[in-house]
Amino acid sequence: MEHNLVLYNTLTRKKEKFVPIHPNLVGMYVCGPTVYSDVHLGNCRTFVSFDLIFRYLVHLGYKVRYVRNITDAGHLEGDNDEGDDKFAKKAKLEKLEPMEIVQKYTLGFHDVLRMFNTIPPSIEPTATGHISEQIEMVQEIMKNGFAYEVNGTVYFDVDKYVKEYNYTILTNRNLEDMLNNTRELGGQDEKKGRLDFALWIKAKPEHIMRWPSPWGVGFPGWHIECSAMSRKYLGDQFDIHGGGMDLAATHHTNEIAQSEACNHTTPAKYWMHTNMLTVNGARMSKSAGNGFLPGELFTGNHPLLNRGYSPMAVRFFMLQAHYRSTLDFSNEALDAADKGYKRLMSAIALLDKIAVSGKSNFGNLEEIKARSYAAMDDDFNSPVLIAELFEVVRIINSLYDGKLTITAADLEALKGYVSDFVFDILGLKDDQVGDVDNMDDLMQILIGIRNEAKKNKDFVTSDSIREKLTEIGIQLKDSKEGTLWNKI
């Protein structure tokens, strides 16, 4: 089957046909987490989205080198080279070494992504493991005349850069507006220009994470690590660079500037960005008090959540929205996604129980498959693909009920379609409790017995049912719509 994959390129602000630099080979770099705290859902949405993209590229037959970094040094609290080092500050709070903080939250990050069933990247480099590469790149940028050193700190010279390159090519922002929205330099400021940013930062005496360099003891700026590591593992220019949309304005803008100043070429051919998360229509953030962690979402242990949801139900919920669309969390939306996910898995479980016939009258699987590929070829449009899958759910249920018929060969083809699109491409798996058939029916019977006990004021029995289910990993949640259940 011929494929005409198109993707939205932030760099050109339009959809483009995907043509890799090297035939059949794809280099993809995605900005990873800064591991000084628990990974948040915005990160998870980005990594689930690029897991979908990675899976589909592999499914199409491309050999993909997927690089996703770990930022374990050099990230200050402010994006303007100001504030405390995030790792050192967290280390002091928890009375740990900075690398203990890194290890703790890196392991937690991997645990969460494993629960979301994401495939690990081909390479996961760390900033601290590539100090020499970052120093070398800074030296090359200085040699090319786009950086300067002041008292042990090296700054990128944006004023010099904009004379030869377009600094705002990624975001299409007006440079004058950017300058007007940036504070005036104070008398103590070392930078020549307001938009200049640090490539290498002189370490204060109390700074724990520090390395020797040609400019004295210091540590790398936040932006240089991705330029240096993408260059090392993917070359001066590669196919796809991705991340959350919040990175485009500063981090990715500065990455492009660094790479062009060093290599005289833009680093990536296609730039892809995932959209933000909202909660009940408001942007999700710690300061707004409406942010919750993946673990809280799985258990329901948060004031804004009525109950918990399984990792696969949450992955399904994320994939129901296009990666470039805002994803709004609400109890109603999560409940609907949970029901949809369970409906999909329940139908798939019926495939091995369908009786075959001498003829098929369920429809044209090739047309369904063609529409499914068309959805994914259109900028990885998972919501449209999921809509096609629910048409397949209807067919499976009708086949099981005997309302439609299917031959043995067509049934195998249908199983292959489900395996390709549900498991391999969307990355879903059945994480429902145990291998018991009709699990939801069984739970509804138990919920009915519990409700009858409560009605008869037999709270010993009703509480016992809840407690025993909790012991085997099943959570009950009473709501105005009735009692809901989920795997903890």
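Every chain is numbered on its own, with residues counted from 1 as its sequence reads. Under the rules for a predicted model, residues below a pLDDT of 70 receive no local features and side-chain atom pairs below 80 are neither given nor counted, while totals for whole chains, interfaces and linings still include all residues. Excluding hydrogens and water, the side-chain figures rest on all heavy atoms present in the structure.

The name an unreviewed UniProt entry gives the protein chain is Cysteine--tRNA ligase, with Sphingobacterium tenebrionis as the organism. In UniProt, the protein chain has this text filed under Sequence similarities (unreviewed entry): "Belongs to the class-I aminoacyl-tRNA synthetase family." Per UniProt, the comment on the protein chain under Subcellular location (unreviewed entry) is "Cytoplasm". UniProt positions are given in the numbering used here, feature names are shortened, and annotations may be inferred rather than shown by experiment.

Working definition: helices are DSSP H or I runs of at least four residues, strands are E runs of at least two. Numbering for both runs from the N terminus. Along the chain, the position of D72 falls in the loop between β4 (63–68) and α2 (86–94). Although buried, D72 forms no salt bridge, and the nearest oppositely charged side chain, R68, lies 13 Å from it. Whenever two N or O atoms come within 3.5 Å, that pair is a polar contact, provided that in protein one can donate a hydrogen and the other can accept it, and provided that, for residues adjacent in sequence, both atoms are side-chain atoms. There is a polar contact of 3.2 Å between the side chain of D72 and the backbone nitrogen of A127. There is a polar contact of 2.6 Å between the side chain of D72 and the side chain of T128. A 1.4 Å probe rolled over the protein chains alone gives each residue an accessible area, and that area as a share of the maximum for its type sets the label: buried under 20%, exposed over 50%, partly exposed in between. The charged-residue count follows a simple rule in which Lys and Arg add positive charge and Asp and Glu add negative charge, with His and chain termini not counted at all. The salt bridge criterion pairs a side-chain nitrogen of Lys or Arg with a carboxyl oxygen of Asp or Glu, the two atoms within 4 Å.

Site definitions follow a grid-based scheme: protein atoms alone, a 1 Å grid, a 1.4 Å probe that fits but cannot get out for cavities, and for pockets an open set with protein on both sides within 12 Å along at least five of seven lines, plus lining residues having an atom within 4 Å of a point. Grid points are joined across faces, edges and corners, and a volume is the space filled by probe spheres set on the points. Here the structure, examined in full by the defined rule, presents five cavities of 30 Å³ or more. Estimates place the volume of the largest cavity at around 60 Å³. For the largest cavity, the full set of lining residues is R45, V48, S49, L52, M318, L319, A321, H322, Y323, F380 and S382. Every element with two or more residues in the lining of the largest cavity is listed here: α1 (41–59) and α10 (311–319). For the lining of the largest cavity, the leading source of residues is α1, giving four residues. Looking at the lining of the largest cavity residue by residue, the classes come out as seven nonpolar, three polar and one charged. Polar here means any residue outside two lists: the nonpolar Ala, Val, Leu, Ile, Met, Phe, Trp, Tyr, Cys and Pro, and the charged Asp, Glu, Lys and Arg; Gly therefore counts as polar.

What follows concerns the nonpolar core. Within the largest apolar cluster, 88 residues are counted, with the highest numbers of intra-cluster contacts made by F329, L344 and F380. At 10 residues, α1 tops the list of elements feeding residues into this core. Two residues form a contact once any of their heavy atoms are found within 4.5 Å. Leaving out residues up to four positions away in the same chain, L344 has contacts with F316, L389, F390, V393, V422 and L428. Ranked by size, the runner-up nonpolar core spans 40 residues in total, among them L11, I131, A147 and A228. Side-chain atoms within 4.5 Å are what join buried Ala, Val, Leu, Ile, Met, Phe, Trp, Tyr and Cys residues into a set we call a nonpolar core.

In this section: the pairing of strand β6 (residues 153–156). Burial along β6 is two-sided: the face carrying T153 and Y155 and the face carrying V154 and F156 are both buried. At least two DSSP bridges between two strands are needed for those strands to be called paired. As paired strands, strand β5 (residues 147–150) and β6 are joined by four bridges and run antiparallel to one another. Of the residues in β6, the one forming a bridge with Y148 is Y155. Counted between consecutive antiparallel strands, the loop separating β5 from β6 contains two residues, among which N151 sits at a positive phi close to 50 degrees. Bridge count for β6 against strand β7 (residues 197–202) is three bridges, and the pairing is antiparallel. Looking at the pairing, V154 lines up with W200 of β7.

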